[in-house]
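# Structural overview
So you can see what is in the structure, the chains are spelled out below.
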Amino acid sequence: PSLLCTNAAGCSSGGALVKAGTPAISVAQGIRYIPAAGPVGSTTTAKLPNPFLVVGVMLFDESNSSYNGLHTELQRRFSAGLQFKGAYTFSKSLDTASGLNGGTDGGTGSVYDIAQPKLSYGPSNYDQKHKFVFSGGYDLPFGATKRWLSGWTGAGGKLVSGWKINSIVTLQSGFPFTPVMGVNRLGNGETGTGNNSSPPSYNPAFTGNIQLHTVDHWFDGNAYSLTPIGTFGNVSRNSLVGPNSR
């Protein structure tokens, strides 16, 4: 886990990213960081808290989640050859992790920092604000026992009888996702790809809309900036939403 810098002069950050012969990164008091060995400005090799462990995974059964939703339905039972059902849900699902691991739901199953669980609290990987489903069927009024062409017999009667129209329509909001940096700047010994990448920080100089909703640029990368080595970004988990589906 990270440490909270309590030194007014700053703390030495960067973890395993601070190599021998290079100075450590200084972070200000009050910032959480991954520590590097030696005082600020030193050239010592950074070490993890346990020098015998490079990468470790810890599973524990602590989590925080909430769900609120409004669900409505409209249904017509089968009558005069017609039946349908429409359902709409307006909801919000929040949690710190949506699965035990990345393979269960397509997203990371771990928090960014066990000392800061709120950093990972955000929309669930499966959260969808809006979802509408309509299904229905209609027996066409042709052929035997129907309103039209009921007198047809033989092959012609079989050809025009028994036809139905069925339809299912689904409209739903896109799934949320997290912008991450392409490398692991924490220095915590992880590989820095996929689930091990941490979120960036917001660019204070950026103005305008972050999400552009175009095929080439779904969001504007200029809205973000790299974090100092050994520190966490302030972009919350699953803060962006992917394309709607229909």
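Residues numbered from 1 in each chain as written. Predicted model: local features only at pLDDT ≥ 70, side-chain atom pairs only at ≥ 80, totals over all residues. Heavy atoms only, no water.

Take the overall build of the chain next. Helices and strands together make up the secondary structure of the chain, namely two helices and 13 strands. Classification of the 246 residues of the chain by burial places 31% in the buried group. Sequence-distant contacts in the chain: of pairs separated by 6 or more residues, those separated by 24 or more amount to 63%. Entry remark: accessible area of the chain is about 15200 Å², with carbon and sulfur atoms responsible for 59%. (Helix = DSSP H or I, 4+ residues; strand = E, 2+ residues; numbered from the N terminus. Buried < 20%, exposed > 50% of the residue type's maximum accessible area, 1.4 Å probe, protein only. Contact = heavy atoms within 4.5 Å. Areas by Shrake-Rupley, 256 points an atom, 1.4 Å probe, with all protein chains shown as cover.)

This part is about the pattern of salt bridges. Evaluated as defined, the whole model comprises four salt bridges. For Glu-73, the salt bridge is made with Lys-85, and the minimal N-O distance between the two is 3.7 Å. Note that Glu-73 is positioned in strand E5 (residues 65–79) and Lys-85 in strand E6 (residues 82–95), a separation of twelve residues in sequence. A relative accessible area of 49% means that Glu-73 is categorised as partly exposed. For Asp-127, the salt bridge goes to Lys-92, with nearest N and O atoms at 4.0 Å. (Salt bridge = Lys/Arg side-chain N within 4 Å of Asp/Glu carboxyl O.)

Next up on the list: the confidence of the model for the chain. In low-pLDDT regions, the fine details of the predicted coordinates are not to be read closely. Averaged over the chain, the pLDDT score is 82; the fraction of residues at 70 or greater is 78%. Note on residues 38–46: pLDDT under 50 across the span, and 27 contacts to partners over four residues away in sequence or across chains. (pLDDT = per-residue confidence, 0-100.)

By the secondary structure assignment, Tyr-33 is in strand E4 (residues 32–33). On the basis of relative accessible area, Tyr-33 is assigned to the buried category, the value being 8%. As a C-alpha pair, Tyr-33 and Ser-13 span 20 residues in sequence and 6.0 Å in three-dimensional space. Each residue touching Tyr-33, except ones within four places of it in the same chain, is listed here: Ser-2, Leu-3, Leu-4, Cys-5, Cys-11, Ser-12, Ser-13, Val-27, Gly-230 and Thr-231.

This part takes up a nonpolar patch on the surface. The grouping of Phe-132, Phe-134, Val-169 and Leu-171 at the surface amounts to a nonpolar patch, some 290 Å² of accessible area in total. Of all the secondary structure elements, the ones that give two or more residues to the nonpolar patch are strand E8 (130–139) and strand E9 (164–172). On the basis of relative accessible area, Phe-134 is assigned to the partly exposed category, the value being 30%. (Patch = residues over 30% accessible without salt bridge, like charges linked within 9 Å, V, L, I, M, F, W, Y side chains within 5 Å.)

With that settled, consider the side chain of Ser-120. With respect to the helices and strands, the residue Ser-120 is situated in the loop between helix H1 (102–105) and strand E7 (122–123). Among the residues examined, Ser-120 registers a relative accessible area of 1% and is labelled buried. Setting aside its immediate chain neighbours within four residues, Ser-120 contacts Asp-95, Thr-96, Val-111, Tyr-112 and Arg-237.

Glancing now at the side chain of Ser-93. One can find Ser-93 in strand E6. Not counting residues up to four positions away in its chain, the partners in contact with Ser-93 are Ser-66, Tyr-67, Gly-122, Pro-123, Ser-124, Tyr-126 and Asp-127.

A word on unusual backbone geometry. In this structure, Leu-149 is a non-glycine residue whose phi angle is positive, near 60 degrees. Examined against the element boundaries, Leu-149 turns out to sit in the loop between E8 and helix H2 (154–160). Relative accessible area serves as the criterion here: at 34%, Leu-149 is assigned to the partly exposed category. Of note in the backbone geometry, His-213 takes a positive phi value of approximately 60 degrees without being a glycine. The class for His-213 is partly exposed, based on a relative accessible area of 49%.

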